[in-house]
Amino acid sequence: MIIAEQKPMETIEEFIKDYKKVLFLGCAGCVTVCLAGGEKETDLLATSLRMKRELEGNPLETVTYTATRQCDPEYVDGIANYVEDVDCVVSLACGVGVQFVAEKYRNKIVFPALNTKFAGGTVEHGVWEERCGLCGDCILHKTGGICPIIRCSKSILNGPCGGSQDGVCEISKDVPCAWHLIVEHMKELGRLDMLMEVQPPKDWSTSRDGGPRKVVREDVKIDE
Ligand code: SF4
Ligand code: SF4
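- An unreviewed UniProt entry lists the protein under the name Methylene-tetrahydrofolate reductase C-terminal-like domain-containing protein, with Desulfofarcimen acetoxidans given as the organism.

Have a look at this one:
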């Protein structure tokens, strides 16, 4: 899933300082799971900013709603009533959701309440780790299911750099050496031989380096 974290309250406060009525728009997708932009965080943010503005003598009217997903036109279309009625929108979705809302409601400014960080997962409650760099041509079948692009600090694709010590990456004692993990796992699988194969250079044209990407599934498209 996409992992995000909330921008500092002061930043969001600054965004909306000239507006009187604001829609705080949460997202029930990824950002709910990583506790950044779900219903609870949306209500909390709106309430905190409303109280702060009240104390400052500059009252703020807030509307809150949490869309099922902001990265899906079906759910973005469904919030028209809420958007019409406010001066601006604070979106607690990832950058994709913010863009979908801004694209649909062109007469309202949409502010991002989150910083979108990476594609990752929950490793323990309250800890999320980056696991995929979205390269567009997954090679996990060659590396025991451990991504060297993201989990090796130097994104080395052909084995360790030689800088690790006791299984720890030379950049920090908190970062396991991805290639140490790969070798250990391939050993467990009895497939160390796979690491001896010479790998051709990776084709990066499928990654972000090739410009904005698109996935098209003709079989599920609906003809107009
Ligand atoms: S190889 Fe590419 S697609 Fe696969 S996990 Fe790594 S970055 Fe993601
Ligand atoms: S020590 Fe391991 S994880 Fe760190 S840069 Fe070298 S190969 Fe990559």
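Past the structure itself, the notes keep going.
Some points on the site of ligand 2
For step 1, the next point in the chain: With respect to spatial proximity, the complete set of residues near ligand 2 consists of Cys152, Ser153, Lys154, Pro160, Cys161, Ser164, Cys169, Glu170, Cys177, Ala178 and Trp179.
For step 2, the next point in the chain: More than half of the atoms of ligand 2 fall within 2 Å of the grid points belonging to the largest cavity.
For step 3, the next point in the chain: A per-class count over the shell around ligand 2 returns seven nonpolar, two polar and two charged.

Some details on the site of ligand 1
For step 1, the next point in the chain: Around ligand 1, the neighbouring residues are Arg131, Cys132, Gly133, Leu134, Cys135, Cys138, Ile139, Leu140, Cys147 and Ile149.
For step 2, the next point in the chain: Taken together, the residues that form the shell around ligand 1 break down as eight nonpolar, one polar and one charged.

Let's talk about the packing of aromatic side chains
Each pair of aromatic rings is reported with the distance of its centres and the angle of its planes.
For step 1, the next point in the chain: Taken as a whole and judged by the stated rule, the model has three aromatic pairs.
For step 2, the next point in the chain: Both rings, one in Phe15 and one in Phe111, keep their centres 5.1 Å apart while their planes meet at 10°; by these two values the pair is stacked. Residue Phe15 is located in helix α1 (residues 9–15), and its partner Phe111 is located in strand β5 (residues 109–112); the two are separated by 96 residues in the primary sequence.
For step 3, the next point in the chain: Its relative accessible area of 10% is what places Phe111 among the buried residues.
For step 4, the next point in the chain: Each ring, one from Tyr65 and one from Tyr82, has its centre 4.5 Å from the other, and the planes form 25°; the classification is stacked. Separated by 17 residues along the polypeptide, Tyr65 in strand β3 (residues 61–67) and Tyr82 in helix α5 (residues 80–84) bring together distant segments of the chain.
For step 5, the next point in the chain: Judged by its relative accessible area of 28%, Tyr65 falls in the partly exposed class.
For step 6, the next point in the chain: Members of the aromatic cluster, each reached through a chain of ring pairs, are Phe15, Tyr19 and Phe111.
For step 7, the next point in the chain: In this arrangement the basic side chain of Lys202 is found over the ring face of Trp204, its NZ or CZ atom lying 5.4 Å from the centre.

Quick look at the pattern of salt bridges
For step 1, the next point in the chain: Under the criterion given, the structure shown has 15 salt bridges.
For step 2, the next point in the chain: In this structure, the salt-bridge partner of Glu170 is Lys154, at a minimum N-O distance of 2.3 Å. Residue Glu170 is found in the loop between α7 (148–151) and α8 (178–189), and its partner Lys154 is found in the loop between α7 and α8; the two are separated by 16 residues along the sequence.
For step 3, the next point in the chain: Judged by relative accessible area, Lys154 falls into the partly exposed class, the value being 44%.
For step 4, the next point in the chain: One salt bridge connects Lys187 with Glu184, and the closest N-O pair in it is separated by 3.3 Å. Placement of both Lys187 and Glu184 in helix α8 is noted, with a separation of three residues, approximately one turn of the helix.
For step 5, the next point in the chain: By sharing partners, the salt bridges in this structure join Glu13, Lys52 and Glu56 into a single network.

Things to note about the domain arrangement of the protein
For step 1, the next point in the chain: Looking at the assigned domains, one finds that the protein contains domain 1 (2–118) and domain 2 (133–206).
For step 2, the next point in the chain: The gap between the C-alpha centroids of domain 1 and domain 2 is 38 Å.

The rules behind each value
Residues numbered from 1 in each chain as written. Chains lettered and ligands numbered in written order. Predicted model: local features only at pLDDT ≥ 70, side-chain atom pairs only at ≥ 80, totals over all residues. Heavy atoms only, no water. Near = heavy atom within 4 Å. 1 Å grid on protein atoms, 1.4 Å probe; cavity = no way out; pocket = protein on both sides within 12 Å on 5 of 7 lines; lining within 4 Å. Sits in = over half its atoms within 2 Å of the grid points. Nonpolar A, V, L, I, M, F, W, Y, C, P; charged D, E, K, R; others polar. Phe/Tyr/Trp six-rings, centres within 6.5 Å; stacked < 30°, edge-to-face > 60°. Helix = DSSP H or I, 4+ residues; strand = E, 2+ residues; numbered from the N terminus. Buried < 20%, exposed > 50% of the residue type's maximum accessible area, 1.4 Å probe, protein only. Lys NZ or Arg CZ within 6 Å of the ring centre and 35° of its normal. Salt bridge = Lys/Arg side-chain N within 4 Å of Asp/Glu carboxyl O. Domains from an automatic or database assignment.

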